[in-house]
Amino acid sequence: MIIILLGPPGAGKGTQAQRLQKEQGLVQLSTGDMLREAVSAGTEVGLQAKKAMDAGELVRDEVVVKIIEERMDREDEATGFILDGFPRTVAQAEALDKMLADKGKELDKVIEVDVIESALIERITGRFNCAKCHANYHEKFRQPRREGVCDICGSTEFERRPDDNEETVRRRLDAYRKQTAPLLPYYEKAGKLVKVDGMQPIEDVSYEIDRALGFR
Ligand code: AMP
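So, here's what we can say about the structure. No experiment lies behind these values; they were computed from the predicted model shown.

1. Overview of the pairing of strand β2 (residues 27-30)
Thinking step 1. Of the two faces of β2, the one lined by V27 and L29 and the one lined by Q28 and S30 are each fully buried.
Thinking step 2. Where β2 lies against strand β3 (residues 81-84), four bridges are found, and the strand directions are parallel. Each residue of the ladder has a partner; that of Q28, found in β3, is I82.

If you want it as structure tokens, here you go:
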């Protein structure tokens with residue numbers, strides 16, 4: 001099974017992708033995570049990507065298409081993939097179509113997680129992650145059960161993304177509106193798009209996504 005989670009930054013794609021990975025054994029492929037790893041490892045890709053990421057702009061299509069293709073090849077045995085944050089442009093979507101056709105695979109569904117823009121800034125600027133297992137938390141909406149201790153792995157170290165500040169978030173939202181939103185009609189036309197209301201509580205969003213994917 002291959003699914004895409006589509007939606008603006010802060011819509012909850014990462015949270016849902018982590019959940020689906022845990023519950024359904026699908027592999028989460030987040031280009032944002034891959035790029036952040038490349039930046040901290042100081043690789044060639046990381047060096048190329050860092051400037052755009054810090055500015056809240058998209059990294060060049062060729063760069064992300066290459067890293068996602070390499071990762072898919074490496075995880076060839078996986079029962080399925082959740083693409084989280086990829087594709088983000090029509091050129092990336094076309095490259096993905098070709099990549100899947102070449103491998104004899106097919107895209108099952110594209111889930112649009114729809115959230116009103118005014119809610120996104122608060123969601124993003126309050127979020128943080130476990131530094132070890134990357135579980136997602138939020139100052140207001142999703143604190144660890146024990147203060148300062150990760151629910152999942154027990155680590156006491158947390159981190160925030162440098163691009164989760166208000167100014168950069170506004171640019172990321174702008175990039176979503178201009179470059180990524182055109183994917184909605186692209187996948188609608190292909191008969192793959194399912195829209196889910198991302199303003200609901202997390203459990204309800206999870207329920208709707210599971211229904212759309214035939215897990216419930
Ligand atoms: P994310 O973690 O998905 O919010 O991505 C963080 C940043 O990584 C984005 O603001 C972009 O600079 C870059 N990025 C992630 N995925 C892509 C993509 N598919 N295409 C271009 N840039 C991307």
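2. Structural notes on the site of the ligand
Thinking step 1. Neighbouring the ligand are 16 residues; T31, E57, G85, R88 and Q92 lie closest to it.
Thinking step 2. One nitrogen or oxygen atom from the side chain of T31 is found 2.8 Å from a nitrogen atom belonging to the ligand.
Thinking step 3. R161 is positioned with one of its side-chain polar atoms (N or O) 3.0 Å from an oxygen atom of the ligand.
Thinking step 4. With four residues, helix α2 (residues 31-41) is the single largest residue contributor to the shell around the ligand.
Thinking step 5. The class makeup of the residues in the shell around the ligand is six nonpolar, four polar and six charged.

3. Section: the sheet that holds strand β1 (residues 2-6)
Thinking step 1. Taken together, five strands build an open sheet; the order of strands is β2-β3-β1-β4-β8 and the sheet is parallel. Looking at strand neighbours, the two that pair on one side only are β2 and β8 (193-197), the edges of this open sheet. Averaged over all adjacent pairs, the angle separating strand axes in this sheet is 25°, with direction ignored.
Thinking step 2. Strand direction decides the pairing type here: β1 and β3, joined by four bridges, are parallel. Its bridge partner being in β3, I2 is matched across the sheet by F81.
Thinking step 3. Those strands touched by α2 are β2 and β3, and its axis lies near 65° from that of β2.

Each value, and the rule that gives it
- Residues numbered from 1 in each chain as written.
- Predicted model: local features only at pLDDT ≥ 70, side-chain atom pairs only at ≥ 80, totals over all residues.
- Heavy atoms only, no water.
- Buried < 20%, exposed > 50% of the residue type's maximum accessible area, 1.4 Å probe, protein only.
- Helix = DSSP H or I, 4+ residues; strand = E, 2+ residues; numbered from the N terminus.
- Pairing = 2+ DSSP bridges.
- Near = heavy atom within 4 Å.
- Polar contact = N/O pair within 3.5 Å; in protein donor to acceptor, adjacent residues only side chain to side chain.
- Nonpolar A, V, L, I, M, F, W, Y, C, P; charged D, E, K, R; others polar.
- Axes fitted to C-alpha atoms, helices over the stretch in contact; angles between N-to-C directions.
- Contact = heavy atoms within 4.5 Å.

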